[in-house]
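The chain contents come next:
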Amino acid sequence: MTHLRLVFYSAATVLLLTVISLAHVWARNTETRPNTDGSPRTPVLIELFTSEGCSDCPPADALLERLDRSQPVAGADLVVLSEHVDYWNGIGWKDPYSSHEYSERQNAYAGLFGLGSVYTPQMVVDGRFEFVGSDERRAIQAVESATRAEKIAVNISSVHLEPNHVLALHIDVGQLPSSSTAKSASVLLAIVDERDESHVSGGENGGRTLKHISVVRHLAKIGTIDQSDELSQDLRVDIGHGSGQVRLIAFVQDEKTGRIWGVRSARLSN
């Protein structure tokens, strides 16, 4: 059974930009993978709204991992985000990766899609297509459609760890194309755990061990672009807590329509 929750619309606030603590760091900007004919693949963003408190979510979590690992759509370079909502936290288990900010982001999507409620698991592809997050057929169809859309260049470079546990990086984003009807678009940066695992002791998934891929821990707007201005920006990010492998994912989104204009990822490892 798909679980539904009433939508409460509110503007999402910008999160503090804090990332996972790393002892030693390496970064590899995710180059656009070539197709078998040598042509570049089109980056496509897949967001999964999920919760460890929801018994329907583990199959969707597994699908997200499979899409990330197998890259099954010719012509598409899939970049995935797992966003854990907080409205399941009151029924026996508090999801340690959940945040109200991701619930607000899902609420905003519900408004854009004309939905009367939010639900988990929900998958959103390139901000344009939404469906039940465990539906692999719909996921493939949405990615195939998104691959045909016009995109702009996004690049992450010069990622390194500075003294006092500060992460430095550079982001470049091109202009919006002349075909865009949007006056501007937001550039966002997500800091995500490569992998996470929980031993759930309560709620609908009590007694299970749940595994997740590309779990969003922090999400922040870092700038805007339009049809005349691109973005080229150095960022310095205070390191927060924990250790392990981390992904940086930068993407460009039209806030009025939800459309993703471009996305790129880089990986860090201790």
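Residues numbered from 1 in each chain as written. Predicted model: local features only at pLDDT ≥ 70, side-chain atom pairs only at ≥ 80, totals over all residues. Heavy atoms only, no water.

Q: Now, about the overall build of the protein chain: what can you tell me, with residues and values included?
A: Counting secondary structure elements, the protein chain contains three helices and 15 strands. A buried classification covers 55% of the 270 residues belonging to the protein chain. A fraction of 72% describes how many contacts in the protein chain between residues 6 or more apart in sequence connect residues 24 or more apart. For the protein chain, the exposed surface amounts to about 11800 Å²; the carbon and sulfur share of it is 50%. (Helix = DSSP H or I, 4+ residues; strand = E, 2+ residues; numbered from the N terminus. Buried < 20%, exposed > 50% of the residue type's maximum accessible area, 1.4 Å probe, protein only. Contact = heavy atoms within 4.5 Å. Areas by Shrake-Rupley, 256 points an atom, 1.4 Å probe, with all protein chains shown as cover.)

Q: So what about the packing of aromatic side chains? Which residues, and what values?
A: Under the criterion given, the structure shown has two aromatic pairs. Judged by centre distance (6.0 Å) and plane angle (70°), the ring pair of Phe-49 and Tyr-109 falls under edge-to-face. Here Phe-49 is found in strand β4 (residues 42-50), whereas its partner Tyr-109 is found in helix α2 (residues 100-113), with 60 residues between them in sequence. Take Phe-49: its relative accessible area is 0%, and that puts it in the buried class. Geometrically, the ring pair formed by Tyr-109 and Phe-113 is stacked, given 5.9 Å between the ring centres and 20° between the ring planes. Remark: Phe-113 and Tyr-109 occur in helix α2; sequence separation between them is four residues, near one turn of the helix. Taking the relative accessible area as the measure of exposure, Phe-113 reaches 24% and is therefore partly exposed. (Phe/Tyr/Trp six-rings, centres within 6.5 Å; stacked < 30°, edge-to-face > 60°.)

Q: Account for the pattern of salt bridges, with residues named and values stated.
A: Taken as a whole and assessed by the stated rule, the structure comprises 11 salt bridges. Between Glu-255 and Lys-221 there is a salt bridge, with its nearest N and O atoms 3.9 Å apart. Taken together, the residues span a long stretch of sequence, with Glu-255 in the loop between β14 (246-253) and β15 (260-269) and Lys-221 in strand β12 (residues 209-225) at a distance of 34 residues. On the accessibility criterion, Glu-255 (55% relative accessible area) is exposed. Residue classification places Lys-221 among the partly exposed residues on the basis of a relative accessible area of 38%. A single network of salt bridges, built from pairs that share partners, joins Asp-68, Glu-194, Arg-247 and Arg-267. (Salt bridge = Lys/Arg side-chain N within 4 Å of Asp/Glu carboxyl O.)

Q: If you had to explain the environment of Ser-198 to someone new, which residues and values would you point to?
A: Summarising the element assignment, Ser-198 is placed in strand β11 (residues 185-199). Residue classification places Ser-198 among the buried residues on the basis of a relative accessible area of 6%. Between the alpha carbons of Ser-198 and Tyr-97 there is a distance of 9.7 Å; along the sequence they are 101 residues apart. Among the polar contacts made by the side chain of Ser-198, one reaches the side chain of Tyr-97 at a distance of 3.5 Å. (Polar contact = N/O pair within 3.5 Å; in protein donor to acceptor, adjacent residues only side chain to side chain.)

Q: Provide a residue-level description of the environment of Val-124, including the pertinent values.
A: Position of Val-124 relative to the elements: it lies in strand β7 (residues 122-125). Classification of Val-124 as buried rests on a relative accessible area of 0%. Sequence-wise, Val-124 and Phe-49 are 75 residues apart; in three dimensions their C-alpha atoms are separated by 8.2 Å. With residues near it in sequence (within four places) discarded, Val-124 still touches Leu-45, Ile-46, Glu-47, Phe-49, Tyr-109, Phe-113, Phe-129 and Glu-130.

Q: Please set out the nonpolar core residue by residue, giving values where relevant.
A: By size, the foremost hydrophobic cluster in this structure holds 26 residues, and its most contacted members are Leu-169, Ile-171, Val-173, Leu-189, Ile-225, Leu-248 and Val-252. Listed by contribution, the elements that provide at least two residues to this core are β9 (154-162), β10 (166-173), β11, β12, β13 (231-239), β14 and β15. Residues contacting Leu-169, with those up to four places away along its chain left out, are Ile-156, Ser-157, Ser-158, Val-159, Leu-189, Gln-233, Asp-234, Leu-235, Val-237 and Leu-248. In this structure, Leu-48, Ala-60, Leu-64 and Leu-78 belong to the second largest nonpolar core, which totals 19 residues. (Core = buried A, V, L, I, M, F, W, Y, C linked by side-chain atoms within 4.5 Å.)

Q: Before we move on, can you summarise unusual backbone geometry with the specific residues and values?
A: For the bond running from Thr-120 to Pro-121, omega is -5°, close enough to zero to count as cis. In this fold, Pro-121 is placed in the loop between β6 (117-120) and β7. The backbone of Gln-71 shows a phi angle near 45°, a positive value even though the residue is not glycine. Positive phi outside glycine occurs at Asp-126, with the angle close to 55°. Within the secondary structure, Asp-126 sits in the loop between β7 and β8 (129-132).

Q: Residues and numbers for the pairing of strand β5 (residues 76-84), please.
A: Most of β5 sits inside the fold, with nine of its nine residues counted as buried. Taking every second residue as pointing to the same face, both faces of β5 are buried, with Ala-76, Leu-78, Val-80, Ser-82 and His-84 on one and Asp-77, Val-79, Leu-81 and Glu-83 on the other. As a crossover connection, the stretch from β4 through helix α1 (residues 57-70) into β5 is right-handed. (Right-handed = clockwise from strand over helix to strand, strands pointing away.)

Q: Before we move on, could you go through helix α3 (residues 136-147) and cite the residues and values that matter?
A: Look at α3: 16 Å from first C-alpha to last across 12 residues, which is about the 16 Å you get at 1.5 Å a residue. On the buried face of α3, the contacting elements are β4, α1, β5, β7 and β8. Its side-chain oxygen at 3.3 Å from the backbone nitrogen of Arg-137, Asp-135 defines the N-terminal cap of α3. (Expected span 1.5 Å × (residues − 1).)

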